[in-house]
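One-letter residues, chain by chain:
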Amino acid sequence: KSSTAEVLVTMLDAGTEQFVLSVSRQIREAGIKVELFPEIGKLGNQLKYADRKGIELVVIAGSREAESGSVSLKNMKSGEQKNGLSIVQLIEALKANVP
């Protein structure tokens, strides 16, 4: 594992930067180590990045999610994905899955 982060937050679309920064901050405030993908890019590339760095949990936050105020959570190990999570539900799910 080449990252100390437990969660990667994606950066998918221009105009969502404030939303993903807010999501990242709230995860960090919950005591979970988070890394924000450093640039806007394709989801597939960001998932490969998480896999290479050994980050098992990925928060997917694009323009649709920003509009609804929800996110998706993907477990890279199991492939399971939960969609439409509020920030409170996200934090609960992360706490349940982070060692």
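The structure under discussion appears in the preceding block.
Here the structure is a predicted model, which is why all the values come from computation and not from measurement.

Draft legend 1. Examining the environment of Val58 more closely. Position of Val58 among the secondary structure elements: in strand S3 (residues 57-60). According to the relative accessible area criterion, Val58 is buried, its value standing at 0%. When the C-alpha positions of Val58 and Val34 are compared, they lie 9.6 Å apart, and in sequence the two are 24 residues distant. Once you skip the residues sitting within four places of it in the chain, Val58 turns out to touch Leu8, Thr10, Leu47, Ala50, Ser72, Leu73, Lys74 and Met76.

Draft legend 2. Inspection of the side chain of Thr16 at higher detail. The topology assignment puts Thr16 in the loop between strand S1 (7-9) and helix H1 (17-29). Assessed through its relative accessible area of 3%, Thr16 is described here as buried. Ignoring any residue separated from it by four or fewer positions in sequence, one finds Thr16 in contact with Ala61, Gly62, Ser63 and Ala66.

Draft legend 3. Layout of the pairing of strand S5 (residues 81-85). Alignment of strand S4 (residues 71-75) against S5, held across three bridges, turns out to be antiparallel. For Leu73, the partnering residue across the bridge sits in S5 and is Lys82. From the end of S4 to the start of S5, which pair antiparallel, there are five residues, and Gly79 there has a positive phi angle of about 85 degrees.

Draft legend 4. Spatial organisation of helix H4 (residues 87-97). Ile87, Leu90, Ile91, Ala93 and Leu94 are the residues of H4 that are buried. End-on, the buried residues of H4 take up no more than an arc of 165 degrees, which puts them together on one face. Relative to its buried face, H4 has exposed residues pointing more than 90 degrees away, namely Val88, Glu92, Lys95 and Ala96. In the core, the buried residues of H4 are packed alongside S1, H1, S3, S4 and S5.

Draft legend 5. Molecular detail of the pattern of salt bridges. Here the structure, examined in full by the defined rule, presents three salt bridges. For Arg25, the salt bridge identified is with Glu29, shortest N-O distance 3.3 Å. Of this pair, Arg25 and Glu29 both sit in helix H1, four residues apart, roughly one helical turn. Relative accessible area serves as the criterion here: at 41%, Arg25 is assigned to the partly exposed category.

About the thresholds
- Positions within a chain are numbered from 1, following the residues in the order the chain's sequence is written.
- Since the coordinates come from a predicted model, pLDDT governs what is reported: local features require at least 70, and pairs of side-chain atoms require 80 or more to be given and counted, while whole-chain, interface and lining totals use all residues.
- The basis for every side-chain value is the complete set of non-hydrogen atoms in the structure, without hydrogens or water.
- Only runs of H or I of at least four residues qualify as helices and only runs of E of at least two qualify as strands under DSSP, and these elements are numbered from the N terminus.
- Categorising residues by exposure relies on relative accessible area from a 1.4 Å probe, with only protein chains included: less than 20% of the type maximum marks a residue as buried, more than 50% marks it as exposed, and the intermediate range marks it as partly exposed.
- The contact rule is simple, with two residues in contact once any of their heavy atoms fall within 4.5 Å.
- By the convention used here, strands pair only if DSSP detects at least 2 bridges between them.
- Comment: arc refers to directions from the helix axis out to C-beta atoms.
- The term salt bridge refers to a pairing of a side-chain nitrogen on Lys or Arg with a carboxyl oxygen on Asp or Glu at a separation within 4 Å.

From the geometry alone we can't say anything about function, so treat these as descriptive.
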